[in-house]
Amino acid sequence: MKRKIWLDLMLTFMKIGLFTFGGGYAMIALIEDNCINKKHWITEDEMVTITAIAESTPGPIAINCATYVGYSQANLAGALFATFGIVFPSFVIIYIISMFLDNFLEIKIIANAFQGIKIAVALLILDAAISMVKKMKHKPLPMAIMLASFGGMLLINIFSWNFSSVSLLIIAAAVSFCVCLFQDKRKAVQK
């Protein structure tokens with residue numbers, strides 16, 4: 001029974017890793033579809049939590065999501081199989097490309113294909129963002145932090161300011177933490 005879930009985790013995440021270009025954010029939509037809708041391994045609320053935690057911890061978001069889902073299904077072995085599954089296809093593809101094609105991106109048809117892939121990746125990331133916003137609890141604080149972060153990142157990109165998105169994440173976490181502390185103290189005083 002355990003071997004079946006290990007194999008299922010590995011093959012599911014291999015499929016996600018093999019057919020998704022553009023990194024972790026582009027993979028979120030496929031992870032959601034497979035892990036929530038098809039396999040029922042996690043709930044939508046868990047996916048929102050996983051995504052937030054995976055963004056906050058070191059490492060690629062898709063690998064962190066795969067590790068969490070694997071662990072939730074089959075403990076450490078499940079985490080290892082899911083992580084291996086999502087990493088292996090990319091490793092093999094990059095290894096093969098590096099072995100045989102020195103100037104891979106200089107081939108005109110490949111360069112054109114990657115231009116089209118960039119558009120598809122942008123749409124996958126936008127789809128994941130819209131999906132997450134829809135699932136988010138529409139409370140004033142999270143909405144304000146989300147809008148301020150979006151506006152901040154937009155300004156940083158437009159004006160090419162040298163400001164890390166990690167710093168923006170830390171600022172958002174600090175604001176949220178301070179507001180929660182203030183609310184807890186206020187509730188304690190009211191009692």
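Please read these numbers as outputs of a predicted model, since none were measured by experiment. (Residues numbered from 1 in each chain as written. Predicted model: local features only at pLDDT ≥ 70, side-chain atom pairs only at ≥ 80, totals over all residues. Heavy atoms only, no water.)

Caption draft 1: Expanded view of the packing of helix α1 (residues 2–18) against helix α2 (residues 24–38). Contact geometry for α1 and α2: axes closest at 9 Å, N-to-C directions at 155 degrees. Judged by the inter-axis angle, α1 sits roughly antiparallel to α2. Judged by the twist between their axes, the crossing of α1 over α2 is right-handed. Of the residues in α2, those touching α1 at Thr 12, Phe 13, Lys 15, Ile 16 and Gly 17 are Met 27, Leu 30, Ile 31, Asn 34, Cys 35 and Lys 38. Residues belonging to the contact of α1 with α2 are distributed by class as follows: 6 nonpolar, 3 polar and 2 charged. (Axes fitted to C-alpha atoms, helices over the stretch in contact; angles between N-to-C directions. Helix = DSSP H or I, 4+ residues; strand = E, 2+ residues; numbered from the N terminus. Parallel < 35°, antiparallel > 145°, perpendicular 65-115°, else oblique. Left-handed = near helix turned anticlockwise from the far one by under 90°. Contact = heavy atoms within 4.5 Å. Nonpolar A, V, L, I, M, F, W, Y, C, P; charged D, E, K, R; others polar.)

Caption draft 2: Broad picture of the side chain of Thr 51. One can find Thr 51 in helix α3 (residues 44–56). At 2.7 Å, the side chain of Thr 51 and the backbone oxygen of Met 47 are in polar contact. (Polar contact = N/O pair within 3.5 Å; in protein donor to acceptor, adjacent residues only side chain to side chain.)

Caption draft 3: A look at the nonpolar core. Phe 13, Ile 31, Val 69 and Ile 86 are the most contacted members of the largest nonpolar core, which has 22 residues in total. Broken down by secondary-structure element, the contributors of at least two residues to this core are α1, α2, α3 and α4 (61–100). In terms of residue count, the dominant contributor to this core is α4 (8 residues). When neighbours within four sequence positions are excluded, Ile 31 is seen to be in contact with Phe 13, Ile 16, Ile 36, Met 47, Ala 62, Cys 65 and Ile 86. (Core = buried A, V, L, I, M, F, W, Y, C linked by side-chain atoms within 4.5 Å. Buried < 20%, exposed > 50% of the residue type's maximum accessible area, 1.4 Å probe, protein only.)

This is a description of form; function is not addressed.
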